[in-house]
Amino acid sequence: MHIPLICISSYTAQPLNEGRFSMKDFLFVTALFITTFFQVEAKEFHALLTGDTFSDVKDAANCDIKHIRKELQNVCDALDMTLHVKELKGKTLTKTQVRKWLESDSIAPDDIVLFYFTGHGFRTEKTRTIWPCIFFPAKKEIIEFTDIINEFTQKPTSLCMIIADCCNNFYQEKMLMPFFGKNFLLHKNFHPHHAEEVYSRLFKHTTGVIIASGSTPGKRSWCTKKGSIFTSALLTSLKQELHEPNPRWDHLLLQTKNMCHKFQKPQFQLYINTPK
């Protein structure tokens, strides 16, 4: 059984256009469609992991992708799911390649999809949502994160997760070097005996859309040479959720936010249907 669709946001956005169909409206309808017609157990996991490995954050980006990929494998091993991973970084990270993956990969309506980006991001005075622009350095492409959200949520899936670990500050501000201080790597490799039950609840039996980014509008995201703070906190929270009696995505992401509070303030929006 499922409880009603949950819509949770850690940041209250202003309407994009009064009297017009907003991004929030679109995602709600999309998630409702998915959870109404595709309330089935997820079969396979498709992940597109992207990162800026050209610039000053290249070490962090490489580590982030490595850590995310390892954790996805842990999840799929516990659930006996097939994992399909595509990495786009360096010269291969382009808008064309992202779209090509989304169009060509054999993603079924009962599959899980993850888009993950780690690198530089920003916003301008014209940015009209809470989400940043992300930067692909190979061809110096600037992509509105909302465009990524639109493209990925248009494809029917069981669960769609769209995550960007990047800054969300204004472009004209003086750019600061990333924070290369004390390592902020908290996540540990521990898997209790009931990991399958928890992962199943969070991934197989949750349907809808999850969107998250490393910082709120006007703020930066930070990293160390061994990984980004938001990504490290997210993975740590996932591990900790294994010990919760009632594991939930909203609790997991609030824990992530709390872990980052000394450095930055992540934001997220959930349009999900979760089991009781």
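Not measured: the values here are computed from a predicted model.

**Observations concerning unusual backbone geometry**
So, step 1. Although it is not a glycine, Asp 80 adopts a positive phi angle of roughly 55 degrees.
So, step 2. One can find Asp 80 in the loop between helix H2 (58–79) and strand S3 (82–89).
So, step 3. Although it is not a glycine, Lys 140 adopts a positive phi angle of roughly 55 degrees.
So, step 4. Of note, Lys 140 is situated in the loop between strand S6 (133–136) and strand S7 (141–144).
So, step 5. Exposure remark for Lys 140: the relative accessible area of 68% places this residue in the exposed category.

**Description of the environment of Glu 44**
So, step 1. Counting through the fold element by element, Glu 44 comes out in strand S2 (residues 44–51).
So, step 2. Accessibility expressed as a relative area gives 26% for Glu 44, which makes it partly exposed.
So, step 3. Sequence separation between Glu 44 and Leu 79 is 35 residues, and the spatial gap between their C-alpha atoms is 10.0 Å.

**What about the nonpolar core?**
So, step 1. Counting residues in hydrophobic clusters, the biggest one holds 35 residues, and the most contacted among them are Phe 45, Leu 114, Met 161, Phe 203 and Trp 249.
So, step 2. Among the elements that take part in this core, H2 stands out by supplying six residues, more than any other.
So, step 3. Residues in contact with Leu 114, not counting those within four places in the same chain, are Phe 45, His 46, Ala 47, Leu 48, Leu 49, Ile 68, Leu 72, Met 161 and Ile 163.
So, step 4. Core analysis: the second largest hydrophobic core is formed by 26 residues, Trp 131, Ile 143, Cys 160 and Ile 162 among them.

**Concerning the sheet that holds S6**
So, step 1. Across the sheet, which stays open at both edges, the three strands sit in the order S5-S6-S7 with antiparallel pairing between neighbours. With partners counted over all chains shown, the strands left at the sheet margins are strand S5 (121–122) and S7, one partner each.
So, step 2. Note: S6 against S7, four bridges, orientation antiparallel. The partner of Phe 136 across the bridge, within S7, is Glu 141.
So, step 3. Strands in contact with helix H4 (residues 145–153) are S6 and S7; relative to S7, the strand with the most contacts, it is inclined by about 65 degrees.

**A closer look at the pairing of S7**
So, step 1. Side chains Glu 141 and Ile 143 of S7 all project onto a buried face; the interleaved residues Ile 142 and Glu 144 project onto a face where none is buried.
So, step 2. The antiparallel pairing of S6 with S7 creates a hairpin that spans four residues between the two strands, and Lys 140 there sits at a positive phi of about 55 degrees.

**Some words on the environment of Tyr 116**
So, step 1. Within the secondary structure, Tyr 116 sits in strand S4 (residues 112–118).
So, step 2. Overall, the relative accessible area of 1% leaves Tyr 116 in the buried class.
So, step 3. A sequence separation of 48 residues divides Tyr 116 from Ile 68, and the C-alpha atoms of the two residues are 8.8 Å apart.
So, step 4. Apart from residues no more than four positions distant in its own chain, Tyr 116 is found in contact with Leu 48, Leu 49, Thr 50, Asp 64, Ile 65, Ile 68, Ile 163, Asp 165 and Thr 231.

**So, the confidence of the model for the protein chain**
So, step 1. Looking at the protein chain as a whole, the pLDDT averages 83, with 76% of positions reaching at least 70.
So, step 2. pLDDT under 50 marks residues 34–38. Its contacts with residues more than four places away, or in other chains, come to twelve contacts.
So, step 3. Throughout residues 175–184 the model reports pLDDT below 50, and contacts reaching past four residues in sequence, or to other chains, amount to 28 contacts.

Parameters at a glance
- Residues numbered from 1 in each chain as written.
- Predicted model: local features only at pLDDT ≥ 70, side-chain atom pairs only at ≥ 80, totals over all residues.
- Heavy atoms only, no water.
- Helix = DSSP H or I, 4+ residues; strand = E, 2+ residues; numbered from the N terminus.
- Buried < 20%, exposed > 50% of the residue type's maximum accessible area, 1.4 Å probe, protein only.
- Core = buried A, V, L, I, M, F, W, Y, C linked by side-chain atoms within 4.5 Å.
- Contact = heavy atoms within 4.5 Å.
- Pairing = 2+ DSSP bridges.
- Axes fitted to C-alpha atoms, helices over the stretch in contact; angles between N-to-C directions.
- pLDDT = per-residue confidence, 0-100.

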